[in-house]
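# Coordinate inspection notes
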Amino acid sequence: MPILRYSSLSLSILLLSLYLSLFISFSSAEIRYTEIRSDSRPIIPFDEFGFTHTGRLQLNVSHISLSNPNIDLSKVGFFLCTRDAWLQVLQQLEDSDITCALDSNLVKLVFRFDSLSKDNKFNFNILFNESDSDQYTLVFANCYENLQISMNVHSAMYNLDGKKGRRDYLSAGRTILPRIYFLFSLAYFGLAIFWIHILYKKRLTVFRIHFFMLAVVILKALNLLCEAEDKSYIKRTGSAHGWDILFYIFSFLKGITLFTLIVLIGTGWSFLKPYLQDREKKVLMIVIPLQVVANIAQVVIDETGPYGQGWVTWKQLFLLVDVICCCAVLFPIVWSIKNLRQAARTDGKAAVNLMKLTLFRQYYIVVICYIYFTRVVVSALETITSYRYLWTSVVAGESATLAFYVFTGYKFKPEAHNPYFAVDEEEEEAAAEQLKLEDEFEL
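Residues numbered from 1 in each chain as written. Predicted model: local features only at pLDDT ≥ 70, side-chain atom pairs only at ≥ 80, totals over all residues. Heavy atoms only, no water.

The subject of this paragraph is the overall build of the protein chain. Counting its secondary structure elements, the protein chain contains 11 helices and nine strands. Counting every position in the protein chain, which comprises 443 residues, the buried fraction comes to 50%. Pairs at least 24 residues apart make up 80% of the contacts formed inside the protein chain by residues separated by at least 6 positions. Accessible surface for the protein chain amounts to roughly 22,200 Å². Of this, 60% is attributable to carbon and sulfur atoms. (Helix = DSSP H or I, 4+ residues; strand = E, 2+ residues; numbered from the N terminus. Buried < 20%, exposed > 50% of the residue type's maximum accessible area, 1.4 Å probe, protein only. Contact = heavy atoms within 4.5 Å. Areas by Shrake-Rupley, 256 points an atom, 1.4 Å probe, with all protein chains shown as cover.)

Right, here's the structure in full:
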């Protein structure tokens, strides 16, 4: 007789780690087709979805194969579980109140394998109605040691919307995302048109960096437009219909160009100097390949889902690479600040250098705030916010990004610089005194 997997207290640690994987935010649910092959994991989490009182789960499982079919199949099956309930299920297992997660009264049992028809033991199809509004994760439980399972899982989670009962495949709290992304894309297209007007109006003082800034804004607008269409098609049909490919392409280009732009502005390329130093080129050589890796990891995370055995690893790799890129782009700004401070002591242009130094300091602080807000605050907001209001974290993140773009454009817009600009002696002396105090500022 096979040994029940949860009979040992020490294995509750494994289940706790699995809970942590459940705690990570998954991508929005859609129609999924998953192939499980010779898998012996005790818990396989599928998509997470926010149900309303008209929630539906359509589950079709075929080609079921067990390494040992002579077992109690009631210990193998699917269930729905909230994050809070899962912690209590772990406590029940640790206290030996139950020997299998499927036996808990805290989970919504979807299907046990002992309910398989005698005439058809390899397939089943079920429509599960969920009337309790909450955010659930579809989970497969295998409560036996060394029992390998193979199967094809076709799942679809949706809510019935309106009087017509139309299916909405976006989770509650994310159903308005298509409109949000579309509105932000319009904002960026408007920003691009306004930037083109500025470049034309001040065309005599335009540098190459300003055209690069225009390209970054346009790519961001196209990225948001494709994401709006992607989410819109998923909302209506459960499939992206190819818009996800365009979204990944523009997301890749947007990520690379944005980090490159921050590095180039930080070095003062084009408007302060026409070339890059070797160490600045090395930063670009680090950031660009890492952005390629980050975008590959993002595609794997979105397309495989948490049921993939390497999903958590890809998630951790993406976070690590993103943190490295965010730290790397700060170095050129720091170098420019130090170079301006040194130049202020030697070239006798204290007032001009003080203005430049102040500008780069402001940009350094804003970049740090942008990175912190979009990486930390937005993630925290998504974690603590009710599943019905998950769209607020998207609005917060996109608003911060739009504000960062506007600040960058405003501070580094084309300006008419008069090489014969004269600064009176009082301003120069005041600036020189201020620069002496600036020596106390350390990055």
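From this point on, the discussion continues.
Okay, the sheet that holds strand β4 (residues 76-81) next. Read across the open sheet, the four strands follow the order β2-β7-β4-β5; overall the sheet is antiparallel. Either end of the sheet is taken by a strand with one partner, and the two such strands are β2 (43-51) and β5 (108-112). Between one strand axis and the next, the sheet turns through 20° on average, direction left out of account. Relative to strand β7 (residues 134-142), β4 is paired through six bridges, and the arrangement is antiparallel. Bridge pairing in β7 places L80 opposite L138. Set on the sheet, helix α2 (residues 83-94) makes contact with β2, β4 and β7; between it and β4 the angle comes to about 130°. (Pairing = 2+ DSSP bridges. Axes fitted to C-alpha atoms, helices over the stretch in contact; angles between N-to-C directions.)

On to the environment of I365, then. Positionally, I365 belongs in helix α9 (residues 350-384). Residues I365 and L330, spaced 35 residues apart in sequence, show a C-alpha to C-alpha distance of 9.8 Å.

For an α-helix the count is 3.6 residues per turn, leaving residues at separations of three or four pointing the same way. Between its first and last C-alpha, α2 extends 17 Å over 12 residues, near the 16 Å set by a 1.5 Å rise per residue. Taken residue by residue, α2 has R83, A85, W86, V89, L90, Q92 and L93 as its buried positions. Projected down its long axis, α2 carries its buried residues within an arc of 160°, all on one side. Looking one or two places after α2, you find S96, whose phi comes out positive at around 60°. (Expected span 1.5 Å × (residues − 1). Arc of directions from axis to C-beta.)

What follows is about the packing of helix α5 (residues 243-267) against helix α10 (residues 391-411). Relative orientation of the contacting elements α5 and α10 amounts to 40°, with a least axis distance of 13 Å. Taken together, the axis directions place α5 and α10 in an arrangement best described as oblique. The handedness of the crossing between α5 and α10 is left-handed. Within the contact between the two elements, α5 uses K254, L258, I262 and I265 and α10 uses F404, Y405 and T408. Residues belonging to the contact of α5 with α10 are distributed by class as follows: five nonpolar, one polar and one charged. (Parallel < 35°, antiparallel > 145°, perpendicular 65-115°, else oblique. Left-handed = near helix turned anticlockwise from the far one by under 90°. Nonpolar A, V, L, I, M, F, W, Y, C, P; charged D, E, K, R; others polar.)

On to helix α3 (residues 177-201). With 25 residues, α3 extends 36 Å between its outermost C-alpha atoms, agreeing within 8% with the 36 Å of an ideal straight helix rising 1.5 Å per residue. Of all the residues in α3, the buried ones are L177, P178, I180, Y181, F184, S185, Y188, A192, W195, I198 and L199.

Applying the stated criterion across every chain yields a total of 18 aromatic pairs. With 5.0 Å between their ring centres and 55° between their planes, F78 and F140 make a pair best called tilted. Pair noted here: F78 is in strand β4 and F140 is in strand β7, with a separation of 62 residues, a long-range link. For the pair F78 and F140, a shared accessibility class is recorded, and that class is buried. Here the aromatic rings of F331 and W335 are separated by 6.1 Å at their centres, their planes lie at 40°, and the arrangement is tilted. Highlighted residues: F331 and W335, both in helix α8 (residues 330-346), separated by four residues, approximately one helical turn. Residue F331 is classed as partly exposed on the basis of its relative accessible area of 47%. In this structure, R203 is placed above the aromatic ring of Y200, and the distance from its NZ or CZ to the ring centre is 4.5 Å. (Phe/Tyr/Trp six-rings, centres within 6.5 Å; stacked < 30°, edge-to-face > 60°. Lys NZ or Arg CZ within 6 Å of the ring centre and 35° of its normal.)

Another aspect to go through is the nonpolar core. By size, the foremost hydrophobic cluster in this structure holds 58 residues, and its most contacted members are Y363, V367 and F404. Looking at this core, the elements with two or more residues in it are α3, α4 (208-237), α5, α6 (278-304), α7 (311-328), α8, α9 and α10. Of all the elements, α3 adds the most residues to this core, at nine residues. Setting aside chain neighbours within four positions, we find F404 in contact with L258, I262, Y363, V366, V367 and Y370. Counting residues in hydrophobic clusters, the runner-up holds 30 residues, among them I36, L80, F111 and Y136. (Core = buried A, V, L, I, M, F, W, Y, C linked by side-chain atoms within 4.5 Å.)

Let us look at the state of the cysteines. In the structure shown here, the tally under the stated rule is one disulfide. There is a disulfide in this structure between C100 and C143, and the S-S distance comes to 1.9 Å. Looking down the S-S bond of the C100 and C143 bridge, the torsion is 60°, so its handedness is right-handed. One end of the pair, C100, is in the loop between α2 and β5; the other, C143, is in the loop between β7 and β8 (149-161), and 43 residues separate them in sequence. (Disulfide = S-S within 2.5 Å.)

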